Amino acid sequence: MNKDVLSKLRDNSTLSDEPASEFISTGCYALNRVITGDYSKGMPVGGILQLQGNSSTGKTLFATTFITAAQKEGWYTKLLDAENTYSSDFGKKLGVDPEELLYSTPRYLEEAFNDVVSTITGIREHDKKTPILLVIDSVAVLATKEELSRDSVGDTSNTDGARRALTFGSMLRRVNTVLKEQRATLVVINQIRSKINVMYGNPETTAAGGKALEFYLSTDLKCVSNKTSHVTRDENKKPTGITGEIKVVKNKLGVPFQECAFRVEFDKGLDPYYGLEELLKEDGLIEISSAGRRTVGDIAFKKNTLQDLLFSKPSSNPELNKIRTMFGISQESLG
């Protein structure tokens, strides 16, 4: 190997000493951990992340929590509300500042992606560095411009699916480059549908994007929740939220095919500490016996009560304090 040649080429192309990517928390420590392996790092700057799932599995609540987390870090945020269902008052309950949230209602697929690019371009004319988070809710309801131009609502073609996938791929190729160059992150919400007449194998398919979207994703998250048994209720049996699992279907940022439990409260958003216990056990920070007994050092606690323990002032030992430090829990915040 000629070192003189390498030396001459080094100025043209070489690995940087800077980290390959920047990250922002998703607002849920367990979700951060299964995406990147780090409890504080979740979504990448410059990537595309998909939230897919059946209806009422918490996808929009997840995305709203992402927006809240980004706003707390000073990011620009935009919601492209294709479903025309976003409530500003509901967003406020989850911590979203409406004055800091850009908002649009795209009518078709091309308009949504053109909006993403024009928003990024507009921001970069005035601010070259601050990261940007954009959320499309959801791509499943967006038709192509050609579909909307037809005279009759019922007009369909056998090639509609293929042409839509081609359009999606074309839009993604354009957006993918812009996101990386301009330090922007795109979150797309997608729905899971069932294929017709599938007797063997998995009948599930995403409603939009075809294979093109899968290729461009840095992370693909699947929300799984049962509409009956996973609904949380208060003492009056009034629904307060849902629990479920997030499965990492694709991951370019860490180990794929991991999963974690989640809990979403309708008036608070994603619980940042729920689902941590199994992951902390994997990392050797707590112990869970075969009988389900949970301990951190010499302190025992019940299942799904770790958050209460973390903020309990009377409870203290080196192991517990290490976890508190890891999550930035100060002495002043203890109850």
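Basis of the calculations
Residues numbered from 1 in each chain as written. Predicted model: local features only at pLDDT ≥ 70, side-chain atom pairs only at ≥ 80, totals over all residues. Heavy atoms only, no water. Pairing = 2+ DSSP bridges. Helix = DSSP H or I, 4+ residues; strand = E, 2+ residues; numbered from the N terminus. Buried < 20%, exposed > 50% of the residue type's maximum accessible area, 1.4 Å probe, protein only. Phe/Tyr/Trp six-rings, centres within 6.5 Å; stacked < 30°, edge-to-face > 60°. Core = buried A, V, L, I, M, F, W, Y, C linked by side-chain atoms within 4.5 Å. Contact = heavy atoms within 4.5 Å.

Concerning the sheet that holds strand S15 (residues 294-296)
For step 1, the next point in the chain: Taken together, three strands build an open sheet; the order of strands is S14-S15-S16 and the sheet is antiparallel. Two strands lie at the open edges of the sheet, namely strand S14 (287-288) and strand S16 (299-301), each paired on one side alone.
For step 2, the next point in the chain: As judged from the three bridges shared by S15 and S16, these two strands associate in the antiparallel manner. Note on S16: the bridge partner recorded for Val296 is Ile299.

Let's talk about the environment of Thr305
For step 1, the next point in the chain: Along the chain, Thr305 turns up in the loop between S16 and helix H10 (306-310).
For step 2, the next point in the chain: The partly exposed category is assigned to Thr305, whose relative accessible area is 24%.
For step 3, the next point in the chain: Taking the C-alpha atoms as reference points, Thr305 and Arg294, separated by eleven residues in sequence, lie 9.9 Å from one another.

Notes on the packing of aromatic side chains
For step 1, the next point in the chain: With the rule as written, the count across this model stands at nine aromatic pairs.
For step 2, the next point in the chain: Consider the rings of Tyr29 and Tyr273, whose centres lie 5.3 Å apart with planes at 50°: the pair is tilted. Taken together, the residues span a long stretch of sequence, with Tyr29 in helix H2 (residues 29-36) and Tyr273 in the loop between strand S13 (269-270) and helix H9 (277-282) at a distance of 244 residues.
For step 3, the next point in the chain: Measuring from centroid to centroid gives 5.5 Å for Tyr39 and Phe327, while their planes differ by 85°, and the two rings are edge-to-face. Here Phe327 lies in the segment after helix H11 (318-326) and Tyr39 lies in the loop between H2 and strand S2 (43-44), a separation of 288 residues in the sequence. For the residue pair Tyr39 and Phe327, the accessibility class agrees, reading buried in each case.
For step 4, the next point in the chain: Counting every residue linked through ring pairs, the aromatic cluster contains Tyr29, Tyr39, Tyr273, Phe311 and Phe327.

Comments concerning the nonpolar core
The nonpolar side chains of a soluble globular protein tend to be buried, and buried together.
For step 1, the next point in the chain: Core analysis: the largest hydrophobic core is formed by 55 residues, its most contacted members being Leu31, Leu51, Phe62 and Phe327.
For step 2, the next point in the chain: Counting residues per element, this core draws most heavily on helix H3 (residues 59-72), which supplies six residues.
For step 3, the next point in the chain: Discounting residues that sit within four places of it in the chain, Phe327 has contacts with Tyr29, Tyr39, Tyr273, Leu276, Leu280 and Leu310.
For step 4, the next point in the chain: Ile48, Leu80, Val139 and Phe168 belong to the second largest nonpolar core, which has 27 residues in total.

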